[in-house]
Amino acid sequence: MLTQAPGSIYQVAYLVPDLAQAAAQWASLTGAGPFTEFAHFEFIDPRHHGKPVEIDLSIALGFSAGLCVELMVQHDDRPSIYRDWQDQKGYGLHHIAILAEDYPAAIDEWSKKGAPAVFEAGFGADTHLAYLDTRDTLGCYLEIVEFTEFVQGALNGLRDANDGWDGQDVLRSFGG
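Note that the structure is a prediction, hence the values are computed from the model and not measured.

Criteria and thresholds
Residues numbered from 1 in each chain as written. Predicted model: local features only at pLDDT ≥ 70, side-chain atom pairs only at ≥ 80, totals over all residues. Heavy atoms only, no water. Salt bridge = Lys/Arg side-chain N within 4 Å of Asp/Glu carboxyl O. Helix = DSSP H or I, 4+ residues; strand = E, 2+ residues; numbered from the N terminus. Buried < 20%, exposed > 50% of the residue type's maximum accessible area, 1.4 Å probe, protein only. Core = buried A, V, L, I, M, F, W, Y, C linked by side-chain atoms within 4.5 Å. Contact = heavy atoms within 4.5 Å.

**Focus: the pattern of salt bridges**
Inference 1: Scanning all chains against the criterion turns up 9 salt bridges.
Inference 2: Between Glu109 and Lys113 there is a salt bridge, with the nearest N and O atoms lying 3.3 Å from each other.
Inference 3: Of the charged contacts, one joins Arg172 and Asp169 as a salt bridge, the two residues approaching to 3.2 Å between their closest N and O atoms.
Inference 4: The structure contains a network of salt bridges with shared partners spanning Glu54, Asp76 and Arg78.

Here it is as structure tokens:
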């Protein structure tokens with residue numbers, strides 16, 4: 001079971017120029033890891049400001065105790081929520097993330113707080129995510145991830161890899 005309850009922050013995510021280098025730095029400096037790379041991550045029907053987009057993005061996920069650290073690199077120059085941020089702010093913190101058991105209600109609740117969804121997509125086993133525009137209030141985007149059995153299983157597996165990790169094999173390929 002995850003240490004964070006749905007609705008609380010479970011992840012911090014950073015745009016980086018190189019996944020391997022960033023993973024090595026995070027592991028060396030903070031003990032986070034090992035990181036699992038999802039090369040050329042496949043979004044389902046990604047929409048940026050309501051319009052379909054194509055994004056060539058790779059991510060790496062690792063844990064530091066109960067906190068998930070996500071590292072992201074966009075491989076192309078197409079407009080996206082990642083490229084927009086990088087062009088404006090450079091590399092570094094991009095978003096924090098929470099899990100939502102009632103995904104539509106969470107999106108609606110945050111929208112009423114003045115944080116509209118600016119990017120939405122599906123992934124994995126019929127799971128959804130959205131980035132909300134909380135830049136003015138939180139200093140970064142807020143990602144809402146639909147809390148499903150698929151997500152819980154994936155996060156538990158990644159977190160368990162951190163338990164007793166010896167610091168070796170910092171960046172691993174998903175399925176490899």
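Resuming the write-up.
**Some details on unusual backbone geometry**
Inference 1: Gly33 connects to Pro34 through a cis peptide bond whose omega is -10°.
Inference 2: By the element assignment, Pro34 lies in the loop between α1 (19-30) and β2 (35-38).
Inference 3: Its identity is not glycine, yet His40 carries a phi of approximately 50°, on the positive side.
Inference 4: As for its position among the elements, His40 is in the loop between β2 and β3 (44-48).
Inference 5: Judged by relative accessible area, His40 falls into the partly exposed class, the value being 45%.
Inference 6: The residue Asp45 is not glycine, and still its phi comes out positive at about 50°.
Inference 7: Tracing the backbone through its elements, the reader meets Asp45 in strand β3.

**Quick notes on helix α2 (residues 81-89)**
Inference 1: Of the positions making up α2, those classed as buried are Ile81, Tyr82, Arg83, Trp85 and Gln86.
Inference 2: Count one or two residues on from α2 and you reach Gly90, which has phi positive near 85°.

**With respect to the nonpolar core**
Inference 1: The biggest cluster of nonpolar side chains holds 58 residues, and the ones touching the most others in it are Phe43, Leu71, Tyr82, Phe119 and Ile144.
Inference 2: Setting aside anything within four residues of it in sequence, one finds Phe119 in contact with Phe43, Pro46, Arg47, His48, Val53, Ile55, Ile81, Tyr82, Leu129, Ala130 and Tyr131.

Distances and angles like these do not, on their own, reveal function.
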